[in-house]
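Listed below, chain by chain, are the residues.
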Amino acid sequence: MATLKVPAHLPAPSEDVEQLRKAFEGWGTNEQLIIDILAHRNAPQRNLIRKTYAEACGEDLLTSLEKELSSDFERAVLLFTLDPAERDAYLANESTKRFTSSNWILMEIACTRSPHELFNVRKAYHARYKKSLEEDVAHHTTGEYRKFLVPLVSAFRYEGEEVNLTLAKSEAKILRDKISHKHYSDEEVIRIVTTRSKAQLNATLNHYNTAFGNAINKDLKADPKDEFLKLLRAAIKCLTVPEKYFEKVLRQAINKLGTDEWALTRVVTTRAEVDMVRIKEEYQRRNSVTLEKAIAGDTSGDYERMLLALI
């Protein structure tokens, strides 16, 4: 797991809190000081800073940041400062309220977090919103989306490397059979994608490719306009090659007419401490330009500085 570069001699949380208080004082906010501290502390350190800040200042650090910062920079700082499970719970909740590609964010969280991380997201969601994530997802989706997303966010997959090759062969055949009959949201397809371990799924998809001469995502492109199929393909990508999925989200966010800051901020803040190194390699391979250069060319000011510090 990639970690953020942290200064060799880290100040104590109380020193960080003192510096943050200084950053908020006076006429203007010292944004650079906020970036220097928060963008260079890992999740446990940020949690400790928040705890220390609340004790020393009688206010949640997030509340203070909200008062001092604005727009995309504020969102990036707040999202990154949150504990990862809390952040995912917040993003998931926000996506149940949005009318755009919200299903994608739910799928992304469910497929790219480890079973324990996803379990913690469900706990954080429950604590914060007083209802279950599954309940909200079921309430905000219908039809094949609901049929797919509810088990996806409820999953607790086996995390080990053990693979059953006989099972991989038989499930590859089931998938091929359902896909060739266009039964994309069949219970069997959903069961395999939402419950199998990543190692098992990889073995199944490798067998699918070898036995039937096509990668499964190619066969799932039969109807390019089908939105559910797009989601299913993206889920398979997230489960098997997450860096390729995130590279595409970043590419689309940056190459749009007008940046999609929402997507850009989400990917950078959620992947900075996880697989950003692989995502950057994939980005450069795919676009012949570094992610740093692409972000710098598309953003500005404190927002740009925060994103560059995180990647």
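Residues numbered from 1 in each chain as written. Predicted model: local features only at pLDDT ≥ 70, side-chain atom pairs only at ≥ 80, totals over all residues. Heavy atoms only, no water.

## Topic: the overall build of the chain
Let me state the cut-off plainly: Helix and strand labels come from DSSP, where a helix needs a run of H or I of at least four residues and a strand needs a run of E of at least two; each type is numbered from the N terminus. Taken over C-alpha atoms, the radius of gyration is set against a globule rule of 2.2 Å times the number of residues to the power 0.38. Buried residues are those whose accessible area, probed at 1.4 Å on protein chains only, stays under 20% of the maximum for their type, while exposed residues exceed 50% and partly exposed ones sit between those limits. We call two residues in contact when some of their heavy atoms are within 4.5 Å. Only the protein chains shown count as cover for residues, with accessible areas throughout obtained via the Shrake-Rupley method and a probe of 1.4 Å. Positive: Lys, Arg. Negative: Asp, Glu. His and the chain ends are not part of the count. Lys charges are placed at NZ, Arg charges at CZ, Asp charges at CG and Glu charges at CD.
Along its length, the chain carries 20 helices and zero strands. Its C-alpha radius of gyration of 21 Å places the chain within 12% of the 19 Å reference for a compact globule of 311 residues. In the chain, which comprises 311 residues, the share counted as buried stands at 47%. Nonlocal contacts in the chain, meaning residues at least 24 apart in sequence, comprise 69% of its contacts between residues at least 6 apart. Of the roughly 15100 Å² that the chain leaves accessible, carbon and sulfur atoms contribute 51%. The average position of the 47 basic charges and that of the 47 acidic charges among the side chains of the chain differ by 6 Å.

## Notes on the packing of aromatic side chains
Put simply, the test is: Ring pairs are drawn from Phe, Tyr and Trp, using the six-membered ring of Trp, whenever the two centres fall within 6.5 Å, and their geometry is named by plane angle: stacked under 30 degrees, edge-to-face over 60, tilted for the rest.
Evaluation of the coordinates by the stated rule reveals seven aromatic pairs. Look at Phe 119 and Phe 156: their rings are 6.2 Å apart centre to centre, the planes differ by 85°, and that puts the pair in the edge-to-face class. Of this pair, Phe 119 sits in helix α8 (residues 115–129) while Phe 156 sits in the loop between α10 (143–154) and α11 (165–180), and the two are 37 residues apart along the sequence. Residue classification places Phe 119 among the partly exposed residues on the basis of a relative accessible area of 37%. In this structure Phe 156 comes out as partly exposed when scored by relative accessible area, which is 45%.

## Comments concerning the environment of Asp 260
By the element assignment, Asp 260 lies in the loop between α16 (242–255) and α17 (261–271). By relative accessible area, Asp 260 is classed as partly exposed at 24%. Expressed as a C-alpha distance, the spacing of Asp 260 and Leu 175, which sit 85 residues apart in the sequence, is 35 Å.

## A few points about the UniProt feature "binding site: Ca(2+) 3" (unreviewed entry) in the chain
This is how the line gets drawn: UniProt positions are given in the numbering used here, feature names are shortened, and annotations may be inferred rather than shown by experiment. The term polar contact refers here to a pair of N or O atoms within 3.5 Å; inside protein, the definition further demands a hydrogen-donor-capable atom paired with an acceptor-capable atom, and it admits residues adjacent in sequence only when both atoms are side-chain atoms.
Taken from the UniProt record, the annotation "binding site: Ca(2+) 3" (unreviewed entry) applies to Asp 298. Mapped onto the fold, Asp 298 is located in helix α19 (residues 291–298). Asp 298 sits in the partly exposed class, given a relative accessible area of 27%. Excluding anything up to four places from it in sequence, Asp 298 contacts Ala 253, Ile 254 and Thr 259. At 2.6 Å, the side chain of Asp 298 and the side chain of Thr 259 are in polar contact.

## Let's talk about unusual backbone geometry
Located in the positive-phi region is Ser 71, a residue other than glycine, with phi close to 50°. Tracing the backbone shows Ser 71 in helix α5 (residues 71–81). By relative accessible area, which is 57% here, Ser 71 ends up exposed. Even without glycine at this site, Ser 288 takes up a positive phi of about 55°. Structurally, Ser 288 is set in the loop between α18 (276–287) and α19.

## Structural notes on the domain arrangement of the chain
In plain terms, the rule: In this document the domain limits rely on a domain assignment from an automatic tool or a database.
For the chain, the assigned domains are domain 1 (13–69), domain 2 (84–154), domain 3 (165–239) and domain 4 (242–310). The straight-line distance from the C-alpha centre of domain 1 to that of domain 2 is 29 Å.

## Quick word on the environment of Ala 39
Residue placement: Ala 39 occurs in the loop between α2 (31–38) and α3 (43–57). Sequence separation between Ala 39 and Ala 85 is 46 residues, and the spatial gap between their C-alpha atoms is 18 Å.

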